[in-house]
Amino acid sequence: ERTRGATYYPSKLTGLYQAAQNLSVSHLIDGCPYVPEKTRQCLNDLKDQKSAAGGGKKAWADRTHALGVYEDENGLKFASRLDAFAPEHVVPHK
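1. A short note on the overall build of the protein chain
When helices and strands are tallied, the protein chain shows 3 helices and 2 strands. When the helices and strands of the protein chain are placed in sequence order, the string is α-α-α-β-β. Within the protein chain, contacts between residues at least 6 apart in sequence are counted, and of these 42% link residues at least 24 apart. Accessible surface, the protein chain as shown: approximately 7,000 Å² in total, 54% of it carbon and sulfur.

Structure, rendered in structure tokens:
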């Protein structure tokens, strides 16, 4: 049986950052019995550090989009091929 926060389905690129934060804190650090204690402690230490290195919501959205993920009216989709990634799938991020 899955523990709380095992699965997230963000519908927008800008929602990926928060989903990752939620997964890290509520599942990997506190809930999942399969995460080794050493890894759990490392994640906990990273959580307590304030850093701009990760870039926040926009940076996560931009990086994910560069990997071929785009938004449409039904949520997030993967491009079938990066070289065929159509310009109409480019969504400006705020």
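2. Quick word on the pairing of strand E1 (residues 69-72)
In the sheet, E1 pairs with strand E2 (residues 75-78) via 4 bridges, with the strands oriented antiparallel. Following the sheet pairing, Glu71 is matched in E2 by Leu76. Linking E1 back to E2 in an antiparallel pair, the connection comprises 2 residues.

3. What about the side chain of Arg40?
Checked against the element boundaries, Arg40 lands in helix H2 (residues 37-48). On the accessibility criterion, Arg40 (14% relative accessible area) is buried. Reaching out from Arg40, the side chain makes a polar contact with the backbone oxygen of Val35 at a distance of 2.9 Å. Setting aside residues up to four positions removed in sequence, Arg40 forms contacts with Leu28, Ile29, Asp30, Gly31, Cys32, Pro33 and Val35.

4. A short note on helix H1 (residues 15-29)
Compared with an ideal rise of 1.5 Å per residue, which puts 15 residues at 21 Å, H1 spans 20 Å between its outermost C-alpha atoms and is within 8% of the ideal. At Leu23, H1 is deflected by roughly 30 degrees, the largest bend along its length. Taken as a whole, H1 has its buried residues at Leu16, Ala19, Ser24, Ser26, His27 and Ile29. Summarising the contacts, the buried residues of H1 are in contact with H2, helix H3 (56-66) and E2.

5. Observations concerning the pattern of salt bridges
Taken as a whole and assessed by the stated rule, the structure comprises 2 salt bridges. The salt bridge partner of Lys58 is Asp62, with a shortest N-O separation of 2.6 Å. Placement of the pair is Lys58 and Asp62 together in helix H3, with a separation of 4 residues, close to one helical turn. Residue classification places Lys58 among the partly exposed residues on the basis of a relative accessible area of 41%. For Asp62, a relative accessible area of 29% corresponds to the partly exposed category.

Calculation criteria
Within each chain, residue numbers correspond to sequence positions counted from 1 in written order. Predicted model: local features are reported for residues with pLDDT of at least 70 only, side-chain atom pairs are reported and counted for 80 or more only, and whole-chain, interface and lining totals are derived from all residues. Side-chain calculation: all heavy atoms of the structure are included, whereas hydrogens and water are not. Helix and strand assignments follow DSSP, with helices taken as H or I runs no shorter than four residues and strands as E runs no shorter than two, numbered in order from the N terminus. Contacts were defined at the residue level, with two residues in contact if any of their heavy atoms lie within 4.5 Å. In this description, accessible areas are obtained by the Shrake-Rupley approach with a 1.4 Å probe, and a residue is regarded as covered only by the protein chains that are shown. Strands are labelled as partners when DSSP assigns at least two bridges between them. Relative accessibility thresholds used throughout: buried, under 20% of the residue-type maximum; exposed, over 50%; partly exposed, between the two (1.4 Å probe, protein chains only). Polar contact is the term for a pair of N or O atoms within 3.5 Å; when the atoms are in protein, one must be able to donate a hydrogen and the other to accept it, and sequence-neighboring residues count only if both atoms are side-chain atoms. Here, expected helix span is obtained from the residue count minus one, scaled by 1.5 Å. Consider a residue and the seven residues that end there alongside the seven that start there; fitting an axis to each set, the bend is the angle between those axes. By salt bridge we mean one thing: a side-chain nitrogen of Lys or Arg within 4 Å of a carboxyl oxygen of Asp or Glu.

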